[in-house]
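# Examination of the molecular architecture
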Amino acid sequence: MRVQPAPVSFEHLRSGLGIGVSAPRLSWTLPGHPLIQDAYELEISRGRDGETSCTGRVSGSEQRLVAWPGRPLASRERAGVRVRVWTDGAPSPSEWSEPGVVEAGLLEPCDWVAAPVGAAWPEDAEGTRRPSRVRRDFELTRPISRARLYITAHGLYEAEINGVRVGDDALSPGWTVYPQRLRYYTYDVTERLSLGANTIGGWLGDGWYRGKYGFDGGTRNIYGTDQSLIAQLEVVHDDGSTTVVATDGTWSAAPSPITESGLYEGEIFDARLHDPAWSTPDRPDADAGWTAVAVRQRDVRTLVAPQGPAVRCTEEVAPVSILRRDGGRLLLDFGQNLVGRLRITLDAPADTVVTLRHAEVLEHGELAVRPLREASSTDVYVSDGTGPQTWEPRFTLHGFRYAEIDGWPTAQLDPGAVVARVYHTDMRRTGWFECSDPLVNRLHENVVWSMRGNFVDLPTDCPQRDERLGWTGDIQVFAPTAAFLYDCAGMLDSWLVDVGIEQLPDGTVPWYVPVIPGEPMWTPIQPGAAWGDVSTLTPWLLYQRFGDADLLRRHFETGKKWVDLMDRLAGPTRLWDTGFQLGDWLDPAAPPDDPASGRTDKYLIATAYFAWSARHLARIAQTIGEDLQAHRYKTLADQVASAFRARWAHPDGLMRVDSPTAYALALQFELITSPAARKRAGDRLAELVLADDAKIATGFVGTPLLCDALTEAGHIDVAYSLLLQTQCPSWLYPVTQGATTIWERWDSMRPDGSLNPGGMTSFNHYALGAVADWLHRVVAGLEATSPGYRTIRFRPRPGGRIISAKARHETPYGTAAISWELVADTLNVDVTVPAGCTAELELPGQDPVSLAPGTHHASARISAGTLSPALAGEAC
Ligand code: BGC
């Protein structure tokens, strides 16, 4: 068998170009080979003459985030890295992998010569906020060997060289805490340049930097008033010399044909003001209308390379229906609630104004725009009448399934004339699930779509209304699902850096990150349970799923400050029972206008999370070798747990607050410990769920825990009843209403088709989709039992009416998969264990079996007693 490792990858990145660390960690997989690695050898070649260095044979099975074995990379240095491995005691090594290529970005502040440049006219005042473009012409007189563009902006940018767009990313540089971290991207632009005259230009948009963002009309100029490009084009010539074209006072600026642009508002593009040759050296307009730029300041030490992928268009969706409305309006249904923007192709007379409006749902047959609040989500194209044009807005995104087009020049819309382009952080898809129940499959599909719609550079709550913020609680509960579906390690690691930056000196973790400073509704920022715990629970989760212990080190201090704050707030009682809390947010029992007023006491939740975060901090400390801290926080966690029991639980396991969330927390956060009390608590939880006819009675806090709590308490049948319930509130109710994403509220749309009257009614919020993690781990039965899926448990748990299920996950070591099917009284199971991993297979009524890498088949006879009653009927 010819073994060849897959190409080496770097950190958590999909591409090694422009990497921001000088000693990137290396990972590889052994696809298709049922093997365990005994040793590896890494070879690094660098420089023009291919200087190589080799580690020689290194004993060990590690394939993941292996330390850079050579001299660190210098800025701009490029290297090819390949690996070969020895496996299963074989004397000779595998083939070398194809080389993975890495190239450092600008690692030192002194590498930067570019300054922010933008319009010199006062374009910030109301009414004069028309975006600008900047550009510069330059000559290249020596043959070009390679060229890189390092670029970012105050605001958003899209670069062009010689009339051609650079890259295919959108909304770059994304949103970070700009004063401390502004991302730059690196592009290989060698092919864009030619000997002789060249032009580089940049479109600019307000974006998060100075656009209107946040609640109640929003805040403008969050980070500054300028709209500027920071670009450094470095051209290496064949003779080894370099030409640098960087933003400085030699650039010029002009008002853009984008006359208005905002992330919430949408974009207006006036083609009559557009010269398509504006970024080419041979444009007819020469320099009419272009004036010298203003040069601004930026501390270049704050420029950082990306840790994860950029936002890109990942799919195009055609309308499934087009209806004509009065006044010539067209109503388009894309059949899927998505996040992106429309691309239109039209041939319209000059001055034709085409207006595109967007909404997630219809009400009385018209776009329901009330849930968008102040996000007008309207794009406008004004035609110049020069023939067929294709246009798509640049610096905005909308959450929509429906669009209304007004002013279309022809009576009919040609197929293909309008397409919805789906945008999100371009993470690698890594997780799939399917089962015999179509409603559950649609639920899962909805979770995937809600993740896509809300992983837009940062993890947001919703993509459509005047919010779209990095709510900490939402991702805290959804991260386990997200980490299965997509490789989100780099993106979330980066966002957690911002969480640390935004943390207040006393340890308070803001409700959402980045913070909008001075935002009236959420100022002063107060500490809140479940939201602030993102600082401990999410790094731990990412470590479990991606096996990166450095990530734990990086975020340890943030988590520690958070737990220390709770410790101070609780004081000697160890009960956190003061201050503002969001509680079990959106418990269906809470009134539409007061989602924090659920049935579970907020301070029960606060102390439960305090204990759970302290316990996780202890685990983190242990993992990173901080033994004293590990001991300290374990002791604290034990004390908080016992204070919780004394205050909130009876000795027999019944809770003083008789709600599903109270029981789910007590059980899943290991707050009730004695087996007898746990049994009583689990039984009571099942009773409560059944008494409510297996309808949901939990919000953001209880919902992600509920099915696991029932499963582990021996009531998986009740968990299946909850999963398969279709009455409102339930996971499947929205599916029966035609939902194509996860809703914010259990009843965002009511059974009579009316919208929930609450001010927050989104149809694309991932938090309540956190149940998908249970689908993957329990229904399909694929679970990591050590960090990075080095060991896996396959444990199918048939139940409800589900008679088959399968899940596949691209683990850091390769593909892990399970597929099971119940045929009469036999459960047939096929599993795949990736190379480098081991697994246990646990079938009902059988002892666990250890599995080596490779594919395996097993079956078990199921006695009716081991199945839930509904399934026992089907199986026998
Ligand atoms: C957001 C949530 C968030 C919550 C907390 C909402 O407006 O959409 O998902 O966690 O506020 O208050």
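Nothing here was measured: the structure is a model prediction, and the numbers come from that model. (Residues numbered from 1 in each chain as written. Predicted model: local features only at pLDDT ≥ 70, side-chain atom pairs only at ≥ 80, totals over all residues. Heavy atoms only, no water.)

This brings us to the overall build of the chain. A count of helices and strands for the chain gives 15 helices and 46 strands. Reported as C-alpha extents along the three principal axes, the dimensions of the chain are approximately 85 × 75 × 60 Å. When each of the 876 residues of the chain is scored for burial, the buried share is 61%. Across the chain, the fraction of contacts at a sequence separation of at least 24, relative to all contacts at a separation of at least 6, is 73%. Of the roughly 30200 Å² that the chain leaves accessible, carbon and sulfur atoms contribute 51%. (Helix = DSSP H or I, 4+ residues; strand = E, 2+ residues; numbered from the N terminus. Buried < 20%, exposed > 50% of the residue type's maximum accessible area, 1.4 Å probe, protein only. Contact = heavy atoms within 4.5 Å. Areas by Shrake-Rupley, 256 points an atom, 1.4 Å probe, with all protein chains shown as cover.)

The buried fraction of strand 41 (residues 804–811) is high, at six of eight residues. Pairing of strand 36 (residues 431–435) with strand 41, which is carried by five bridges, proceeds in the antiparallel orientation. Opposite Cys-435, over in strand 41, you have Ala-805 as the bridge partner. Where strand 41 meets strand 42 (residues 814–823), eight bridges bridge the pair, whose relative direction is antiparallel. (Pairing = 2+ DSSP bridges.)

On to helix 6 (residues 549–570). If you check helix 6, its first and last C-alpha atoms are 30 Å apart, about what 22 residues at 1.5 Å a residue would give, namely 32 Å. Where helix 6 bends most, the angle comes to about 50°, and this point is His-555. For helix 6, the N-terminal capping position is held by Asp-548, with its side-chain oxygen 3.0 Å away from the main-chain nitrogen of Asp-550. Of the residues one or two after helix 6, Gly-571 is the one with positive phi, at around 70°. (Expected span 1.5 Å × (residues − 1). Bend = angle between axes of the 7 residues up to and from the residue. Polar contact = N/O pair within 3.5 Å; in protein donor to acceptor, adjacent residues only side chain to side chain.)

What follows deals with the sheet that holds strand 45 (residues 849–851). One open sheet holds the four strands; their spatial order is 39-40-44-45, and the pairing between them is mixed. Looking at which strands have only one partner, the edges of the open sheet turn out to be strand 39 (782–784) and strand 45. The average angle at which neighbouring strand axes cross in this sheet is 25°, direction not considered. (Axes fitted to C-alpha atoms, helices over the stretch in contact; angles between N-to-C directions.)

With that settled, the discussion passes to the packing of helix 12 (residues 716–724) against helix 14 (residues 772–780). At their nearest, the axes of helix 12 and helix 14 sit 13 Å apart, and the two run at 135° to each other. In terms of their interaxial angle, helix 12 and helix 14 are classed as oblique. For the element pair helix 12 and helix 14, the recorded crossing hand is left-handed. Seen from helix 12, the contacting residues are Ile-716, Ala-719, Tyr-720 and Leu-723; seen from helix 14, they are Trp-774, Leu-775, Val-778 and Val-779. (Parallel < 35°, antiparallel > 145°, perpendicular 65-115°, else oblique. Left-handed = near helix turned anticlockwise from the far one by under 90°.)

The next thing to look at is the site of the ligand. Neighbouring the ligand are 13 residues; Asp-461, Arg-465, Glu-467, Asp-474 and His-765 lie closest to it. At a separation of 2.5 Å, an oxygen atom of the ligand approaches a polar side-chain atom of Glu-467. For the ligand, whose accessible area on its own is 310 Å², the fraction buried by protein is 98%. Of the residues that constitute the shell around the ligand, the class distribution is seven nonpolar, one polar and five charged. (Near = heavy atom within 4 Å. Nonpolar A, V, L, I, M, F, W, Y, C, P; charged D, E, K, R; others polar.)

Attention now goes to the sheet that holds strand 23 (residues 291–292). Strands pair in a sheet through their backbones, by hydrogen bonds, and they do so in one of two ways: parallel or antiparallel. Here we have six strands laid out as an open sheet, ordered 13-12-17-10-20-23, and antiparallel in their pairing. Of all the strands in the sheet, the pair left with one neighbour each is strand 13 (164–165) and strand 23. Pairing analysis gives four bridges linking strand 10 (residues 132–140) to strand 20 (residues 252–255), with the strands arranged antiparallel. Across the sheet, residue Arg-133 finds its bridge partner in strand 20, namely Ala-254.

Moving on, we get to the pattern of salt bridges. Overall, the coordinates contain 68 salt bridges when judged by the stated rule. A salt bridge links Arg-421 to Glu-316; the nearest nitrogen and oxygen atoms lie 2.4 Å apart. Residue Arg-421 is located in strand 35 (residues 418–425), and its partner Glu-316 is located in strand 26 (residues 311–317); the two are separated by 105 residues in the primary sequence. With its nearest N and O atoms 3.1 Å apart, the salt bridge here joins Arg-357 to Glu-404. Placement of the pair is Arg-357 in strand 29 (residues 353–359) and Glu-404 in strand 34 (residues 398–406), with a sequence separation of 47 residues. (Salt bridge = Lys/Arg side-chain N within 4 Å of Asp/Glu carboxyl O.)

Another aspect to go through is unusual backbone geometry. The linkage connecting Val-513 with the following residue, Pro-514, adopts the cis geometry, with an omega of -5°. Among the secondary structure elements, Pro-514 is positioned in the loop between helix 4 (489–502) and helix 5 (534–546). Cis rather than trans, the peptide bond between Cys-728 and Pro-729 has omega equal to -5°. Mapped onto the elements of the fold, Pro-729 is located in the loop between helix 12 and helix 13 (732–736). Although it is not a glycine, Arg-76 adopts a positive phi angle of roughly 70°. Residue position: Arg-76 is located in the loop between strand 6 (58–59) and strand 7 (78–87). On the accessibility criterion, Arg-76 (26% relative accessible area) is partly exposed. Its identity as a non-glycine residue notwithstanding, Tyr-789 has a phi of 65°, on the positive side. Positionally, Tyr-789 belongs in the loop between strand 39 and strand 40 (791–794).

Looking now at the packing of aromatic side chains. For any pair of aromatic rings, the description rests on two quantities: the centre-to-centre distance and the angle between the ring planes. Considering all chains together, one arrives at 35 aromatic pairs under this definition. Centre to centre, the rings of Trp-562 and Trp-576 are 6.0 Å apart; their planes meet at 70°, and the pair counts as edge-to-face. With a gap of 14 residues between them, Trp-562 in helix 6 and Trp-576 in the loop between helix 6 and helix 7 (602–623) connect regions that are remote in the sequence. In this structure, Trp-562 and Trp-576 share a single accessibility class: buried. A network of ring pairs unites the aromatic residues Phe-215, Trp-471, Trp-511, Tyr-512, Trp-522, Trp-531, Phe-580, Trp-585 and Phe-700 as a single cluster. Over the ring of Trp-86 we find Arg-57, and its NZ or CZ is 5.0 Å from the ring centre. Sitting above the plane of the Trp-203 ring, Arg-133 keeps its charged end 4.6 Å from the centroid. (Phe/Tyr/Trp six-rings, centres within 6.5 Å; stacked < 30°, edge-to-face > 60°. Lys NZ or Arg CZ within 6 Å of the ring centre and 35° of its normal.)

Okay, the side chain of Thr-761 next. Locating Thr-761 in the fold gives a position in the loop between helix 13 and helix 14. Judged by its relative accessible area of 0%, Thr-761 is buried. Side-chain polar atoms of Thr-761 contact the backbone oxygen of Asn-756, separated by 3.2 Å. One polar contact links the side chain of Thr-761 to the main-chain carbonyl oxygen of Gly-758, over a distance of 2.9 Å. The contact partners of Thr-761, leaving out residues within four places of it in the chain, are Pro-371, Arg-465, Glu-744, Arg-745, Ser-748 and Asn-756.

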